[in-house]
Amino acid sequence: METTIKINNAADISVIVVYFLVVLAVGLWAMFSTNRGTVGGFFLAGRNMVWWPIGASLFASNIGSGHFVGIAGTAAAGGIAIGGYEWNALIFVVVLGWLFVPIYIKAGVVTMPEYLRKRFGGKRIQVYLSVLSLIVYIFTKISADIFSGAIFIQLAIGLNLYVAIIILLAITALYTITGGLAAVIYTDTLQTFIMVVGSFVLMGFAFKEVGGYDAFMQKYMQAIPSNVSYNGTTINQDCYTPRPDAFHIFRDPVNGDLPWPGLIFGLSILALWYWCTDQVIVQRCLSGKNMSHVKAGCIMCGYLKLLPMFIIVMPGMISRILYTDVVACVVPEICEKACGTAVGCTNIAYPKMVVELMPNGLRGLMLSVMLASLMSSLTSIFNSASTLFTMDIYTKIRKRPSEKELMLAGRAFMLLLIGISIAWVPVVQSAQSGQLFDYIQSVTSYLGPPIAAVFLLGIFCKRVNEQGAFWGLIFGLLVGLSRMIAEFAYGTGSCVAPSNCPFIICDIHYLYFAIILFGVSAIVILGVSFMTKPIPDVHLYRLCWSLRNSKEERIDLDADDKEDIPDEKDDESVSEAGEEPGCLKKAYNWFCGLDQQKGPKLSKEEEEALKQKLTDTTEVPLWRNVVNINGIILLTVAVFCHAFFA
């Protein structure tokens, strides 16, 4: 691979250094100014967040560098249809804020598996979902983000891929492990601002270079690489000519690379799973001050999700016009030389443009944008993954751990997660013809739909019980894994060397497969539930939609597990003899936020009042109307955008 060091001037380097200093300063400020010494403070930011950091953090957690690299790469290969992924979210952030979060808040939960434990009882669903979520995080989100961030650093600075990865992770881990959710949300807000401004600047340069929108449409259709023969034979022209439907979102249901029924229905199932039941996203909403702030945060995120079509998808296509021979290469030797992967180089579409088009200084800013998007999504995932591990798995292994022990377990787990993710990077590099975004989406299509089915039916159908939910999840997992393992075993192939994978496995589009998997899981869940005993209403008050406003006392199905709650016994920071801890111990306690003084013990009434505040979903009528009107406007905009580009 050619390593030309592009970022070697004072302007770029100083911008990057200033950027890192600002991020660290914001992270440290959040560490000092928020309570991170309790489980609620560390994992839920004390439920004190207002709408704009929530909205910015939702957007930043979602748009990782995997988006800049993956979506721009898929757009360079296939046109604007991939932007439909982004616009689908406009509908589901509204579903999240209006239908799902009120139920989660009334249930009084910190994690999604915890909600399922309250809703269905038993421990097996909770542990199953925690473990599966962690597997999905490692295989899709973390490894793909690390890989794409490293592609950037490799192109810009000429560092080895793995050295780049380790530097990135060291900086990210520092403030996630120490600062908790509040540090993550505030740094996300800063990252969102930098991401949007920087990518708008790049979009301006790209359109100026290509000669405006009309010229862009015309030139994209002519962006064909000059070398198209391999071993003396000419490669099939479908491999390298732009698709005739490149400027349409809705494509042929049989031959389209993103068929329209899949884009509407299959993608909606994945979006339901991702936006409404995923720990990373929901955790941001649960940190909101009140319901109006949560809804306003969802709307802000929705409006921000309009942007990727213009700041990521179209620049990715322009990159193909400007650097056709590299970005659209089809001959394995040429691709290997250009970007280090034989299956294709579309992944470097966005990074290449940053390195080639931007003037000094701005190039440094754009590299910071990439690192911002990478770090914001990684920090979010690390925090949420450690929440899942600590609250849902560790408390099963260790009965009655102290709060201090839980905080340490969560942080130690983050380090383990980082190690596993680095080991998975080579697989990501070669999957799905080198198109990173397709790799992420296909893996989630095989693992996400059963979870979406359980949450949807669990909230909107009170007849569903534990047996139905559990067997639906297990059956869905087996079907999904069989397709995923078969596809990885056969390989997805490339244009020059097509895969010999049987039609029934690889040729059913992954979005269609998601629809089938969702349907099958839902049938199993309902079938088993109707054949077994229903859960009495007394256990379901405020846990499902039809009983959401009930004022009755709920008897929790997990009441027997209450002993697992962290012990409030005094931590070891001051031992029985009353002696002070040493200097090293003090510094360590401060670094981990374990030195914050325990307040006076609350009376029974004060505890009740606090619990009431945490599960309260009432809204001021004026603000409720304001957010509802904005929600309707956002849905209208979503329909208009789909129709305009259809």
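Below is a summary of the structure that appears in this document.

The rules behind the values
- Residues numbered from 1 in each chain as written.
- Predicted model: local features only at pLDDT ≥ 70, side-chain atom pairs only at ≥ 80, totals over all residues.
- Heavy atoms only, no water.
- Core = buried A, V, L, I, M, F, W, Y, C linked by side-chain atoms within 4.5 Å.
- Buried < 20%, exposed > 50% of the residue type's maximum accessible area, 1.4 Å probe, protein only.
- Helix = DSSP H or I, 4+ residues; strand = E, 2+ residues; numbered from the N terminus.
- Domains from an automatic or database assignment.
- Contact = heavy atoms within 4.5 Å.
- Axes fitted to C-alpha atoms, helices over the stretch in contact; angles between N-to-C directions.
- Parallel < 35°, antiparallel > 145°, perpendicular 65-115°, else oblique.
- Left-handed = near helix turned anticlockwise from the far one by under 90°.
- Nonpolar A, V, L, I, M, F, W, Y, C, P; charged D, E, K, R; others polar.
- Disulfide = S-S within 2.5 Å.

Quick notes on the nonpolar core
Okay, step 1: In this structure, Y104, Y115, F216, W275 and Y350 are the most contacted members of the largest nonpolar core, which totals 183 residues.
Okay, step 2: Per-element tally for this core: the top contributor is helix 7 (residues 124-157), with 18 residues.
Okay, step 3: Taken domain by domain, the makeup of this core includes at least three residues from each of domain 1 (1-223 + 242-426) and domain 2 (443-556).
Okay, step 4: The contact partners of F216, leaving out residues within four places of it in the chain, are F207, V210, F247, M314, M317, I318 and I321.
Okay, step 5: Among the nonpolar cores identified, the runner-up in size contains five residues, and V228, I235, V330 and V331 belong to it.

Thoughts on the packing of helix 20 (residues 449-460) against helix 21 (residues 466-490)
Okay, step 1: Where helix 20 contacts helix 21, the axes come no closer than 8 Å and their chain directions differ by 165°. As summarised for this structure, helix 20 and helix 21 are arranged roughly antiparallel, according to the angle between their axes. At the point where helix 20 passes helix 21, the crossing takes the right-handed sense. Counting all contacts with helix 20, which are made through P450, I451 and V454, the residues of helix 21 involved are A469, G472, L473, G476 and L477.
Okay, step 2: A per-class count over the contact of helix 20 with helix 21 returns six nonpolar, two polar and no charged.

What about the state of the cysteines?
Okay, step 1: A full pass over the atoms with the stated rule returns one disulfide.
Okay, step 2: In this model, C329 is linked to C335 through a disulfide, with the two sulfur atoms separated by 2.1 Å. Negative torsions about the S-S bond denote left-handed disulfides, and the value of about 130° found for C329 with C335 makes this one right-handed.
Okay, step 3: Looking at C329, the relative accessible area reads 8%, which means it is buried.
Okay, step 4: Free cysteine: C301, not disulfide-bonded; nearest cysteine sulfur from C298 at 7.2 Å.
Okay, step 5: Here C301 falls in the buried class, since its relative accessible area comes to 0%.
Okay, step 6: Unpaired in this structure, C461 has its nearest cysteine sulfur neighbour in C544, at a distance of 8.8 Å.

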